[in-house]
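Coordinate analysis (summary)
Listed below, chain by chain, are the residues.
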Amino acid sequence: MTQTYSYKRGIGLKLSVGLVLLVGVIASSDPVITFKLTQHIDTGSSTTALGIGDLNNDGAVDLVASMLIIVDEEKDLKKINVALSAGRGGGVFTAPQLVEFNSIRASDNVQVPRGKVLALGDVNSDGRLDVALAYPTGGSIWLLLGDGNSSLRALSSRDLPRGLRDVSSVALADFNGDKRLDIVCTNLQGSVYVLLNNGTEQVDRWSIRETFIGGSLQSIAISDLNGDAQMDVVVSSIGRAAVLLGDGTGGFGIEQRLSAGLYSGDSPAWIEVADINGDTFGDLVTANPESDRLLVFPGDGTGRFDEPHAWPTSGLDPRAIAIADFNRDSQFDLAAVNSSSNTVTIHLNDGSGGFGPIALMDPLRGKFVRSNKAIVVPVGSLPVGLAAGDIDGDGDPDLVVANQGDDSVSVLVNESR
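Starting from 1, residues in each chain are numbered consecutively following that chain's sequence as written. Owing to the predicted nature of the model, reporting of local features is limited to residues with pLDDT of at least 70; listing and counting of side-chain atom pairs is limited to 80 or more, with chain, interface and lining totals taken over all residues. Note that water and hydrogens are dropped before the side-chain values are worked out from all heavy atoms of the structure.

Here we look at the layout of surface pockets
Cavities and pockets were defined on a 1 Å grid built over protein atoms only: a cavity is a set of grid points that admits a 1.4 Å probe from which the probe cannot escape, a pocket is an open set flanked by protein on both sides within 12 Å along at least five of seven lines, and lining residues are those with an atom within 4 Å of any such point. Grid points are joined across faces, edges and corners, and a volume is the space filled by probe spheres set on the points. Volume-wise, the largest pocket comes out at about 650 Å³. What lines the largest pocket is a set of 30 residues, and nearest its centre among them are K116, L118, A119, W270 and E272. Under the DSSP-based scheme used, a helix requires at least four consecutive residues in state H or I and a strand at least two consecutive residues in state E, with every element numbered from the N terminus. For the lining of the largest pocket, the secondary-structure elements that each account for two or more residues are β4 (49-53), β10 (118-121), β14 (167-173), β18 (219-223), β22 (270-274), β26 (318-324) and β32 (383-389). With five residues, β32 is the largest single contributor of residues to the lining of the largest pocket.

Remarks on empty space enclosed by the protein
Here the structure, examined in full by the defined rule, presents three cavities of 30 Å³ or more. Approximately 40 Å³ is the volume found for the second largest cavity. For the second largest cavity, the full set of lining residues is L225, F281, G282, G299, D300, G301, G303, R304 and F305. Residue classes follow a fixed rule: Ala, Val, Leu, Ile, Met, Phe, Trp, Tyr, Cys and Pro count as nonpolar, while Asp, Glu, Lys and Arg count as charged, and any other residue, Gly among them, counts as polar. Here the residues of the lining of the second largest cavity sort into three nonpolar, four polar and two charged.

Some thoughts on the sheet that holds strand β9 (residues 97-105)
What the four strands build is an open sheet, ordered β4-β5-β6-β9; its pairing is antiparallel. The two strands at the open ends of the sheet, each matched to only one other strand, are β4 and β9. Averaged over all pairs of adjacent strands, the angle between strand axes in this sheet comes to 25°, irrespective of strand direction. Two strands make a pair as long as DSSP finds a minimum of two bridges between them. Here strand β6 (residues 77-85) pairs with β9 via eight bridges, running antiparallel. Within the sheet, the bridge partner assigned to K78 lies in β9 and is I104. In this description, a line fitted to the C-alpha atoms serves as the axis of each element, helices being fitted only across the stretch in contact, and the angle between N-to-C directions of two axes falls anywhere from 0 to 180 degrees.

Re the packing of aromatic side chains
Each Phe, Tyr or Trp ring (for Trp, its six-membered ring) is paired with any other whose centre lies within 6.5 Å, and the angle between the two planes then decides the class: stacked below 30 degrees, edge-to-face above 60, tilted in between. Using the criterion set out here, one finds six aromatic pairs in the structure. With centroids separated by 5.7 Å and ring planes inclined at 70°, the aromatic side chains of F35 and F326 adopt a geometry described as edge-to-face. In this pair, F35 sits in strand β3 (residues 32-42) while F326 sits in the loop between β26 and β27 (333-338), placing the two residues 291 residues apart along the sequence. For the pair F35 and F326, a shared accessibility class is recorded, and that class is buried. For the ring pair F101 and Y135, a centre distance of 5.5 Å and an interplane angle of 80° mean the geometry is edge-to-face. On the criterion of sequence distance, the pair formed by F101 in strand β9 and Y135 in strand β11 (residues 130-135) is long-range, its members being 34 residues apart. Residue F101 shares its accessibility class with Y135, and that shared class is buried. Whether a residue is buried, partly exposed or exposed follows from its accessible area with a 1.4 Å probe, protein chains only, as a fraction of its type maximum: under 20%, in between, or over 50%, in that order.

Next up, the structure:
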């Protein structure tokens, strides 16, 4: 059974006058913004993170979710897996196939990661997407290589980097200009590590550049913030964020430290960078679960950010965000998962980088008539992960949601028109 949730801006008003002005948008040109819950996939225990991309090069978007824990009582083991669901087109995925990448004793505790702990990219330059996974139980990362046949091959543990400790987030980008994707990760001891890809699968032999920031680093975002063609990094910690400008060799200089909360203890659980206000410069967006707010820090194009604007999420405990143009108006919109509300909210850009109420005004009475509310879509229990992409091939960005509470993934297809 499918359910549809929509909102149409500027329609359905009961007024005694015929002339209505729409402040910020034109009512007659606005589409109906509709998201349909098309599939609820049972992925397995401790589903906390996901990513989407065409792993088997068949033209359909596939889904990777992790981490999934299977207890093998006969062998007294906990098997740690990712779940891979192949796309069948039209926004439909197959039942998940489990790919084991590690096992530990059944009596050992597993630290289940949350946040930006899974990244997709072609790490070994073979034309197939691979998966990098932050894995706090082992204190490191895992790399799973795509085989082109809807599966993944985990590297041997002996080929993985050692000594990173308590990795909390991971991303992929080329930091030294050699056309190979490097791995960048943060840890809870305050360091950013760049593992420089040397073209081999022996990741333990890749050189590592460490930049110490301090604090308990939680999330990471990658972009060229100052227009020098070098990849830069923004990282978040408890109540703060730091801007690191890349030097083209895998090293960084700290450009700015930001207060990234509305009050003490208000901390970003997730960060992204995108041009939200349309000035061609990257802006910083954070999801702050303690204040139930999305914070937008305007960037100035030099690698620095201004004071943030805060927007309510229409839900409780936002844990992850995705940025895309959901209504095709050439403005980036925001989607957020609200863990304590079991919802996803879609916040439409007002054209100037804001996501607050857009007012309809009756010019004869001089009164605001109605505000533009966020689209609220119920999903599974305790959603903590989110990704956006065109999963049904119609050109509109869709959403997939990782639900930790009921071990599932919700597929939300954008049917805007």
